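# Tertiary structure, described
As a plain string of letters, each chain reads:
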Amino acid sequence: MKKTILHRDQLYSEDVFQILMNYEIIRTIRYPTPLSLIHLEMTAHAADGETPQSAAFIFETALNSRLRAVDIPTRHGKGYLILLPTTNEVGARAVCERLLAIFDKEFETEEGKSVKFLLQIGVASHNGGPILMKETLLQTAELGLQQSRSKGANTIGTIQNR
C-alpha cells in the first residue's frame, strides 16, 4: 500500500513517527527481526547562492517517493529520521547509497532554478530481540550522523548495535 500524502506534507508528523517507532520496536523485540534508523541532514544549494523556498518540498517529495511503503520518514529538528522496519545494516546501507545516488543530480524548483542537495547520513542498525532500546537506536543514529559530518558531505556514518 502506497502512502497517500495530501497537500505539501510529505512526511509523518513527529508525534505519529514516535508512535510508529514504539510499535516497531515492540514488534522487533517480540519477533526478533532487524530494525534500522537513518538520521539524515540535507543542505540545499542553488547555483545563484540563494536557497529556494521550495527546496525542502522538492527534497521531501523525492525522498518519500524512493522509500518503501513500510518505511517511516519524519522531519527531526534540522534533519530527518527514517525508520526502516525489517532492515539490517546491509539493507540500510543500500538505502543510503541509493539516496546519495538520487540526490547526486540537480533538481529544478518551482521558480525554475536549479538546486543540488548535499547529504550527511547516520545509520543505526539492530538485529532485534529483548535488548533493543529506542534511546540507544536514536543515540547510535546520531553518532553515525556525527561520523558522517566529520567525513564531509555526501557520506554515510554507520554504527551497528547487536
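Residues numbered from 1 in each chain as written. Predicted model: local features only at pLDDT ≥ 70, side-chain atom pairs only at ≥ 80, totals over all residues. Heavy atoms only, no water.

Here we come to the pattern of salt bridges. Throughout the structure, instances matching the rule amount to seven salt bridges. A salt bridge links Arg 68 to Asp 71; the nearest nitrogen and oxygen atoms lie 2.6 Å apart. A relative accessible area of 1% places Asp 71 in the buried class. Residue Glu 142 pairs with Arg 149 through a salt bridge whose shortest N-O separation is 3.6 Å. Residue classification places Glu 142 among the partly exposed positions, given a relative accessible area of 24%. Salt bridges here are not isolated pairs; linked through shared partners, they connect Glu 41, Glu 142 and Arg 149. (Salt bridge = Lys/Arg side-chain N within 4 Å of Asp/Glu carboxyl O. Buried < 20%, exposed > 50% of the residue type's maximum accessible area, 1.4 Å probe, protein only.)

Residue position: Asp 48 is located in the loop between strand S1 (35–46) and helix H2 (55–66). Residue class for Asp 48 comes out partly exposed when judged on its relative accessible area of 45%. The spatial distance from the C-alpha of Asp 48 to the C-alpha of His 126 is 42 Å, given a sequence separation of 78 residues. (Helix = DSSP H or I, 4+ residues; strand = E, 2+ residues; numbered from the N terminus.)

This brings us to the packing of aromatic side chains. Within the structure shown, the criterion is met by six aromatic pairs. Between Phe 59 and Phe 117 the ring centres are 5.4 Å apart and the planes differ by 55 degrees, which places this aromatic pair in the tilted class. Residue Phe 59 is found in helix H2, and its partner Phe 117 is found in strand S5 (residues 114–126); the two are separated by 58 residues along the sequence. Relative accessible area serves as the criterion here: at 0%, Phe 59 is assigned to the buried category. With 5.6 Å between their ring centres and 35 degrees between their planes, Phe 103 and Phe 107 make a pair best called tilted. Taken individually, Phe 103 and Phe 107 each receive the classification buried, so the pair is uniform in this respect. Through pairs of rings, three or more aromatic residues link up here, namely Phe 59, Tyr 80, Phe 103, Phe 107 and Phe 117. The cationic tip of Lys 105 hangs over the ring face of Phe 107; the distance from NZ or CZ to the ring centre is 4.7 Å. (Phe/Tyr/Trp six-rings, centres within 6.5 Å; stacked < 30°, edge-to-face > 60°. Lys NZ or Arg CZ within 6 Å of the ring centre and 35° of its normal.)

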